[in-house]
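Here are the chains, one letter per residue:
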Amino acid sequence: MNANKEELRNQILSVHKRRFATKAFDSEKKISAEDWAVILEAGRLSPSSFGYEPWKFLLIENEAVKDGLNEIAWGAQNSLKGASHFLIVLARKNLTGNSTHVKHMVEDVFGVPYSETAPQTVFFNQFQKNDFQLTDERSLFDWASKQTYITMANMMTTAAFLDIDSCPIEGFNKEAVEQYLSSQNIVNLDTFGVSYMAGFGYRAQDIPVKKRQALSDIYEVVE
Ligand SMILES: Cc1cc2nc3c(=O)[nH]c(=O)nc-3n(C[C@H](O)[C@H](O)[C@H](O)COP(=O)(O)O)c2cc1C
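Residues numbered from 1 in each chain as written. Predicted model: local features only at pLDDT ≥ 70, side-chain atom pairs only at ≥ 80, totals over all residues. Heavy atoms only, no water.

A. Local environment of unusual backbone geometry. With a phi close to 50 degrees, Asn94 is a non-glycine residue in the positive phi region. Along the chain, the position of Asn94 falls in the loop between β2 (85–92) and α5 (100–109). One non-glycine residue, Asn185, adopts positive backbone phi at about 60 degrees. By the secondary structure assignment, Asn185 is in the loop between α8 (174–183) and β4 (192–201). (Helix = DSSP H or I, 4+ residues; strand = E, 2+ residues; numbered from the N terminus.)

This is the structure:
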């Protein structure tokens, strides 16, 4: 039992050391449908505030759209060129207790009645306004976007477990990418904004050694 646990600990750490922001992908190697389904499922199962899942995942397969993105997403060029799967993750705009998405989540996903005056709706609205000061469009978007980054981490770690490489991407002009995706009728900007992009595939480079601050520099026990 203990030996297995030790093995598991080592395996988890080796997966985290093995994951790295891949700069060169082998465009000939494709992720299998089975592996991709597991990576996506890790994103879908990610936690979110109040369970409202303020996200949407776009797998970009269209080459013309990739070409369009290439000009406005400098940090994505390596992934656009070689990654097997290129993802754009969207975050919901203006998500409050009164939005149709919350009503949908409560009724259709949680399976309980929804009302704007129900205690949980009122509590959620108060949390947003009083505890987190989520009172304007930008702060609400950033709050939703923060949550989408949990899916990023889970999907990349899951990929690494499957020996699949990945690259998280923030290297793009948000406004330009959003306008482009809207012009192609891919994203409705009333509902969603772009949170992050990510490439998944197989590396055409060695795995670099991790460079990180010492634990003692970033971890403190408050007794
Ligand atoms: C939010 C975020 C945005 C990033 N954006 C880019 C990007 O646009 N292009 C890129 O090549 N790498 C990007 N990276 C990768 C980081 O540079 C990389 O994770 C960091 O240097 C640590 O290296 P490692 O992930 O290989 O351990 C991003 C990482 C994060 C977490």
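B. Layout of the pairing of β2. Of all 8 residues in β2, 8 are buried, a share of seventy percent or more. Side chains His85, Leu87, Val89 and Ala91 project from β2 onto one buried face, and the interleaved Phe86, Ile88, Leu90 and Arg92 project onto a second face that is buried too. Note: strand β1 (residues 55–59) against β2, 5 bridges, orientation antiparallel. Along β2, the bridge assignment pairs Trp55 with Ala91. Examined bridge by bridge, β2 and β4 share 8 bridges and lie antiparallel to one another. Note on β4: the bridge partner recorded for Leu90 is Val194. (Buried < 20%, exposed > 50% of the residue type's maximum accessible area, 1.4 Å probe, protein only. Pairing = 2+ DSSP bridges.)

C. The sheet that holds strand β3 (residues 165–169), seen in detail. As summarised here, the arrangement of the 4 strands in space is β1-β2-β4-β3, forming an open sheet in which the pairing is antiparallel. Two strands lie at the open edges of the sheet, namely β1 and β3, each paired on one side alone. For this sheet, the mean inter-axis angle between neighbouring strands, taken without regard to orientation, is 25 degrees. In this sheet, β4 lies alongside β3 in antiparallel orientation, the contact comprising 5 bridges. If you follow Ile169 over to β4, its bridge partner there is Met197. Across the sheet, helix α7 (residues 137–161) is in contact with β1, β2, β3 and β4; its angle to β4 comes to roughly 10 degrees. (Axes fitted to C-alpha atoms, helices over the stretch in contact; angles between N-to-C directions. Contact = heavy atoms within 4.5 Å.)

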